[in-house]
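Tertiary structure, described
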Amino acid sequence: MFSKFFEWYEKRHDYARDWLTKNDGEVVGCFCSYAPEELIYAAGHLPVRMLGSHEPQDVTEPHIFGMYCPFCRDVLAQGLKGRFNYMKGIMLAQSCLHLRQSFTSWRNHVPVDYAYYLYMPNKVQTDHARSYLAGELAKFRRSLEEWTGREITDEALREAAEVYNESRRLAHEVYDLRKGPNPALTGLEAMVMVASSFMVDKKEHNAELKRILPELKERRLDRETGARLMIVGSEDDDTEFIRMVESVGATVVTDDHCTGSRYFWNSVEFTNGDILSDIANRYVDRPTCPTKDFETRSRFPHILQLAKDFNVDGVLLIQQKFCDPHECDMPPLKEYLNENGFPTLFLEFDVTVPLGPMRIRVEAFLEMVGEEELF
Amino acid sequence: MAEYKTEPLKSWNKAKELRLKYYKEYQDAHKNGGLRWTGGAWSFDAIPAGLGRDVYNITGEPYGASLAFDKQLSKECMEAAEAKGWARDLCSYMRNYWGSMYLNKYAFGGEYPSPDFCFQDHICCSHGKWYQHVAEYKKIPYFCIDVSVGPYEDLDENRLMFVVNQMHESIEWLEKITGRKYQDDLLIEAVENECRSTSAWAEVCYLNMAKPAPLDEKTMYSLYVHGTLAKHSKEIADFYEELRDEVKYRVDNQIAAVPNERCRLMSDTQPPWGFLKVFRYLENFGAVSIGSLYTFGLIGIWEDKPDGTWGPRTTPMQKGESITTRDQALRILADWNLSKPEWQHFYDPNIKTRMMLQIVKQWGVDGVMLHLNRGCEGLSCGIMENRLGIAEAGVPVMTFEGNMGDEREFDEKRVMARIDSFMETLGIDMLQKAQ
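Some thoughts on the overall build of chain A
Within chain A one finds 16 helices and 8 strands. By the compact-globule yardstick of 21 Å for 375 residues, chain A fits well, its C-alpha radius of gyration being 20 Å. Residue burial in chain A is summarised as follows: out of 375 residues, 64% are buried. Total accessible area on chain A is roughly 13,300 Å²; 48% of this is exposed by carbon and sulfur atoms. The positive charge centre, built from 44 side chains, and the negative charge centre, built from 61, are 2 Å apart in chain A.

Below, the structure is given as structure tokens:
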């Protein structure tokens with residue numbers, strides 16, 4: 001049922017090259033899930049979220065000091081190795097220091113026609129962030145217009161936001177089917193469904209979701225659900241890891257990752273006012289990355305609510321090695337979840353993960369989670 | 001054989017006294033009914049100054065460095081932070097600071113003096129999170145101003161006003177949490193002092209262009225620190241002007257920091273505080289580290305001059321501008337700080353490379369030593385691109401790996417060996433061997 005999503009995810013470059021032959025726009029690489037893709041889409045381009053390839057690499061050492069996260073180096077490696085040689089534009093929505101180095105080094109060393117750094121606010125907990133971001137989006141819009149010489153109308157922005165909102169609504173529908181005792185899809189399928197939406201024209205992705213949803217609602221998986229797990233943490237599209245977890249008596253039923261629910265959780269609320277303000281509000285209000293989550297820890301109640309809504313038995317706390325923003329959240333988050341009755345297992349990720357040792361740790365965790373039911 | 005005369009810095013004792021006075025005043029603030037607050041070295045300390053003359057702060061980075069200098073205490077602090085589950089690769093100043101808080105030990109004796117509130121700014125991933133945890137642990141209020149609005153060369157009204165609006169918001173917040181009436185005249189005075197102190201420190205660094213250099217970087221570390229403690233204070237502004245005059249005297253009279261100066265180096269990022277002997281080791285080669293973008297521009301405020309050189313930024317007062325309102329003071333404070341050299345690389349390593357090459361050119365630098373500092377993701381951001389840019393410009397550059405605040409990540413012998421190799425590539429022998 002999810003084969004199309006797997007195909008898109010695994011053959012992302014083939015899709016993008018094919019898209020370029022059929023469309024008048026360009027492929028624009030977006031660094032970080034805070035990228036306001038609606039603007040790029042409205043300009044007639046294909047926004048693509050930059051991910052790594054989960055392969056060991058040796059090309060980034062001269063560019064990014066080894067104390068930064070493996071994800072940001074894996075992303076840069078894709079550019080340095082020429083995997084995106086068809087891509088003419090890149091843009092960064094400011095978030096952590098790690099990923100911005102992938103962007104700045106890409107801009108320095110990988111040929112592109114267009115590179116834009118959007119100064120996304122970090123303190124989203126002040127109301128001033130709204131008007132500020134709307135102003136920055138206006139500059140980004142003008143910059144895109146200058147690049148291609150094409151006007152981006154308010155109407156085009158509204159249409160793009162509607163397409164994105166539909167994508168978000170459909171993703172929610174799919175996630176809702178994981179709440180019941182027999183989830184209609186595995187965590188791996190959900191991960192690939194969301195990740196593939198980073199790489200594909202949202203209209204096409206929406207069409208495929210709409211096609212499978214009626215069947216998905218009736219679907220009964222031929223497998224035991226086992227322990228219901230939630231995954232929380234840094235960027236995570238490690239399909240091999242989640243496949244392993246779901247092979248040892250568990251199902252991942254929800255997540256709080258920028259590559260998962262955080263990407264689509266909230267929508268643009270149309271106010272009949274300035275469309276850029278509406279879009280800005282969407283990005284200010286979305287579930288936060290820890291690097292933007294201060295002074296209050298607004299993430300924690302949201303994560304707890306997810307755990308409750310999806311009837312979670314345990315939480316895997318997943319963190320990219322050296323990811324400072326998540327490192328600043330993990331100890332208090334672990335304590336918070338434990339105090340609220342959710343056991344946790346902390347795992348540190350690299351570009352590749354040692355599946356054998358991780359399997360042992362996950363199995364031990366599942367035994368611990370299962371004990372409560374026995375005694 | 002010494003080529004130049006040298007003599008101790010007359011301002012040295014005053015520098016030490018001021019630093020200890022700062023930490024003592026913070027510690028004793030409550031005895032006299034005053035307020036204590038904590039935040040980063042880059043926080044807008046001029047703003048809480050409007051709450052009264054009995055308001056004292058402790059800034060996290062220099063405090064973390066002071067802890068790092070005491071290796072035993074630092075180790076205890078690190079272990080205390082790790083025992084709470086914090087990762088070892090987090091900012092080592094932050095881990096030292098948190099450890100001191102958990103252990104209830106003050107680096108200057110006695111118990112950790114709990115602050116009344118946290119007041120921070122945010123440009124690095126750790127900034128906002130550092131005091132979030134302090135506020136949670138000590139159960140005190142917290143305000144943070146986001147300054148990540150891009151490099152100064154791209155500053156416009158929207159970006160400036162995002163910072164200024166948050167500053168206004170912070171004053172309302174300060175009044176609310178302290179119950180005190182805010183005094184704009186004290187804010188204006190503090191802003192003027194900050195402009196004066198940070199421009200005067202830049203003047204001190206500017207004078208180090210002279211040959212022989214009147215100051216070496218190890219000495220500068222003990223002097224720049226005052227700007228990281230209380231850049232808004234009259235005492236610090238006055239001190240930096242006195243220091244500038246003394247350094248000018250040294251320049252006029254060819255009083256050298258390193259009497260056998262024959263090679264000029266510059267460094268980058270914070271030093272490994274427990275191993276400042278690295279800089280003394282350089283003297284064996286007749287090499288002086290004249291400073292760095294870090295010592296010049298962490299606190300010093302600079303500007304491009306019409307002749308294409310880089311020099312101390314002209315203060316509003318020097319321009320004849322008079323500050324009369326809160327809004328004007330905050331606009332100046334925001335604009336002034338957004339031009340800080342050490343804030344620019346957060347957006348583009350090429351800007352930092354450009355500034356470093358300007359220092360190489362203007363200060364007559366023969367080689368660059370980059371500290372790949374595992375303890376600070378903020379100032380190490382883009383550092384490998386800086387290395388490439390400096391090397392491409394034909395300037396000799398070496399790297400050494402370490403940690404500003406965690407001595408467990410510094411390999412002294414290996415670093416000294418790298419310095420030996422680097423000096424060899426520069427064609428500089430150890431003086432003992434040369435003689």
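So, the interface of chain A and chain B
In this complex, chain A contributes 47 residues to the contact, which on the side of chain B involves 51 residues. Counting across the chain A and chain B interface gives 5 salt bridges. Put simply, B:Lys129 and A:Asp329 hold a salt bridge, and the shortest N to O gap is 2.9 Å. The interface formed by chain A and chain B contains 30 residue pairs in polar contact (both at pLDDT 80 or more). For the side of chain A that touches chain B, the secondary structure elements donating two or more residues are helix H5 (97-109), helix H6 (128-148), helix H14 (324-327) and helix H15 (330-339) of chain A. Element by element, the count of residues in the side of chain A that touches chain B is highest for H5(A), at 9 residues.

Observations concerning the layout of surface pockets
Residues and elements named next belong to chain B. Its boundaries defined by the atoms lining it, the second largest pocket holds a volume of some 530 Å³. If you trace the second largest pocket, you find 26 residues lining it, with Val55, Tyr56, His232, Ser233 and Lys234 closest to the centre. Going through the elements one at a time, helix H1 (12-28), strand S2 (55-59), helix H7 (184-207), helix H8 (217-230) and helix H9 (234-252) are the ones with two or more residues in the lining of the second largest pocket. In terms of residues, the lining of the second largest pocket owes the most to one element, H1, which gives 5 residues. Looking at the lining of the second largest pocket residue by residue, the classes come out as 12 nonpolar, 6 polar and 8 charged.

Topic: the domain arrangement of chain A
Residues and elements named next belong to chain A. Along its sequence, chain A is organised into domain 1 (8-153) and domain 2 (158-373). For domain 1 and domain 2, the distance between their C-alpha centroids amounts to 22 Å. Carbon and sulfur atoms supply 62% of the area buried between domain 1 and domain 2, which totals about 4,600 Å² over both sides. With its nearest N and O atoms 2.7 Å apart, the salt bridge here joins Asp285 to Arg130. For the interface between domain 1 and domain 2, the tally reads 27 residue pairs in polar contact (both at pLDDT 80 or more). Among the elements of the structure, helix H1 (3-10), helix H2 (12-22), helix H3 (37-42), strand S2 (46-49), helix H4 (70-80) and H6 are those that each provide at least two residues to the side of domain 1 that touches domain 2.

Points about the nonpolar core
One broad trend across soluble globular proteins is that nonpolar side chains are buried collectively. Within the largest apolar cluster, 288 residues are counted, with the highest numbers of intra-cluster contacts made by A:Phe241, B:Ile47 and B:Ile419. When residues of this core are sorted by domain, at least three fall in each of domain 1 (8-153) and domain 2 (158-373) of chain A. Those residues in contact with B:Ile419 that sit more than four places away from it in its chain are B:Val278, B:Tyr281, B:Leu282, B:Phe285, B:Met369 and B:Met398.

Considering the packing of aromatic side chains
For the structure on display, the rule yields 55 aromatic pairs over all chains. Consider the rings of A:Tyr132 and B:Phe162, whose centres lie 4.3 Å apart with planes at 10°: the pair is stacked. With one member in each of two chains, A:Tyr132 in helix H6 and B:Phe162 in helix H6 (residues 157-178) form a pair that bridges those chains. Here A:Tyr132 and B:Phe162 have matching classes, each one buried. Through successive ring pairs, a cluster of aromatic residues spans B:Tyr22, B:Tyr23, B:Tyr63, B:Tyr97, B:Tyr106, B:Phe108, B:Tyr112, B:Trp130 and B:Tyr131. Between the NZ or CZ atom of A:Arg12 and the centre of the ring of A:Tyr9, over which it lies, the distance is 4.8 Å.

Remarks on the side chain of A:Thr251
Residues and elements named next belong to chain A. By secondary structure assignment, the location of Thr251 is in strand S6 (residues 250-256). We classify Thr251 as buried; its relative accessible area is 1%. One polar contact links Thr251 to Arg223, side chain to side chain, over a distance of 2.6 Å. Apart from the residues lying within four places of it in its own chain, the contact partners of Thr251 are Pro183, Leu185, Gly187, Arg223, Glu224, Thr225, Ala227, Arg228, Leu229 and Glu246.

Regarding the pairing of strand S3 (residues 117-122) of chain B
Working note: regular strand, side chains alternate between the two faces of the sheet. Residues and elements named next belong to chain B. Counting buried positions along S3 yields 6 of 6 residues, so the element is predominantly enclosed. Neither face of S3 is left uncovered, since the one carrying Phe117, Phe119 and Asp121 and the one carrying Cys118, Gln120 and His122 both have all their residues buried. Pairing analysis gives 2 bridges linking strand S1 (residues 35-39) to S3, with the strands arranged parallel. Bridge pairing links Thr38 to Cys118 in S3. Direction of pairing for S3 relative to strand S4 (residues 142-146): parallel, over a ladder of 5 bridges. Counted as the bridge partner of Phe119 is Phe143 from S4. For the segment spanning S3, helix H5 (residues 125-138) and S4, crossover handedness is right-handed.

Overview of the sheet that holds strand S5 (residues 263-267) of chain B
Residues and elements named next belong to chain B. Spatially, the 4 strands line up as an open sheet ordered S6-S5-S9-S10, and their pairing is parallel. This sheet does not close on itself; its edge strands, each paired only once, are strand S6 (287-292) and strand S10 (397-402). Taken over all neighbouring pairs, the strand axes of this sheet differ in orientation by 30° on average, direction set aside. Of the pairings in the sheet, the one linking strand S9 (residues 367-373) to S10 comprises 6 bridges and is parallel in character. Bridge pairing links Met369 to Met398 in S10. Helix H13 (residues 349-363) contacts S5, S6 and S9 of the sheet and is inclined by roughly 160° relative to S5. Against the sheet, helix H15 (residues 412-425) touches S5, S6, S9 and S10, its axis set at about 180° to S10.

A word on the environment of B:Ile177
All names here are of chain B. By the secondary structure assignment, Ile177 is in helix H6. Along the backbone, Ile177 and Glu235 are 58 residues apart, and their C-alpha atoms lie at a distance of 27 Å. Look past the residues within four positions of Ile177 in its chain and what remains in contact with it is Phe117 and Pro141.

Quick look at the pattern of salt bridges
Opposite charge on two side chains makes pairing possible when the charged atoms of those side chains draw close. Tallying each qualifying case throughout the model produces 62 salt bridges over all chains. Of the charged contacts in the structure, one is a salt bridge between A:Arg73 and A:Glu61, with a shortest N-O distance of 3.8 Å. With A:Arg73 in helix H4 and A:Glu61 in the loop between S2 and H4, the pair connects residues that are 12 residues apart, well separated along the chain. The shortest N-O distance in the salt bridge between B:Glu136 and A:Arg297 comes to 2.6 Å. Of this pair, B:Glu136 sits in helix H5 while A:Arg297 sits in the loop between helix H12 (275-285) and helix H13 (299-309), each in a different chain. Residue classification places B:Glu136 among the partly exposed residues on the basis of a relative accessible area of 35%. For A:Arg297, a relative accessible area of 7% gives the class buried. Put simply, A:Asp256, A:Arg262, A:Arg297, A:Arg299, A:Asp329, B:Lys129 and B:Glu136 are held in one network by salt bridges that share partners.

Quick word on unusual backbone geometry
Peptide bonds are trans in most cases, and residues, glycine excluded, mostly fall at negative phi. Residues and elements named next belong to chain A. Of note, the bond from Phe294 into Glu295 is cis; its omega dihedral lies within 30 degrees of zero at 5°. Within the fold, Glu295 resides in the loop between H12 and H13. Unusually for a residue other than glycine, His54 sits at a positive phi of about 60°. Mapped onto the elements of the fold, His54 is located in the loop between S2 and H4. Take His54: its relative accessible area is 26%, and that puts it in the partly exposed class. If you check the backbone angles, Asn311 has positive phi at about 55° while not being a glycine. By the element assignment, Asn311 lies in the loop between H13 and strand S7 (314-320). The exposure class assigned to Asn311 is partly exposed, which follows from its relative accessible area of 47%.

About the criteria used
- Residues numbered from 1 in each chain as written.
- Chains lettered and ligands numbered in written order.
- Predicted model: local features only at pLDDT ≥ 70, side-chain atom pairs only at ≥ 80, totals over all residues.
- Heavy atoms only, no water.
- Helix = DSSP H or I, 4+ residues; strand = E, 2+ residues; numbered from the N terminus.
- Rg over C-alpha atoms; globule rule 2.2 N^0.38 Å.
- Buried < 20%, exposed > 50% of the residue type's maximum accessible area, 1.4 Å probe, protein only.
- Areas by Shrake-Rupley, 256 points an atom, 1.4 Å probe, with all protein chains shown as cover.
- Lys, Arg positive; Asp, Glu negative; His and termini not counted.
- Charge placed at Lys NZ, Arg CZ, Asp CG, Glu CD.
- Contact = heavy atoms within 4.5 Å.
- Salt bridge = Lys/Arg side-chain N within 4 Å of Asp/Glu carboxyl O.
- Polar contact = N/O pair within 3.5 Å; in protein donor to acceptor, adjacent residues only side chain to side chain.
- 1 Å grid on protein atoms, 1.4 Å probe; cavity = no way out; pocket = protein on both sides within 12 Å on 5 of 7 lines; lining within 4 Å.
- Points joined across faces, edges and corners; volume = space filled by probe spheres on them.
- Nonpolar A, V, L, I, M, F, W, Y, C, P; charged D, E, K, R; others polar.
- Domains from an automatic or database assignment.
- Buried area = accessible area lost by both parts, 1.4 Å probe.
- Core = buried A, V, L, I, M, F, W, Y, C linked by side-chain atoms within 4.5 Å.
- Phe/Tyr/Trp six-rings, centres within 6.5 Å; stacked < 30°, edge-to-face > 60°.
- Lys NZ or Arg CZ within 6 Å of the ring centre and 35° of its normal.
- Pairing = 2+ DSSP bridges.
- Right-handed = clockwise from strand over helix to strand, strands pointing away.
- Axes fitted to C-alpha atoms, helices over the stretch in contact; angles between N-to-C directions.

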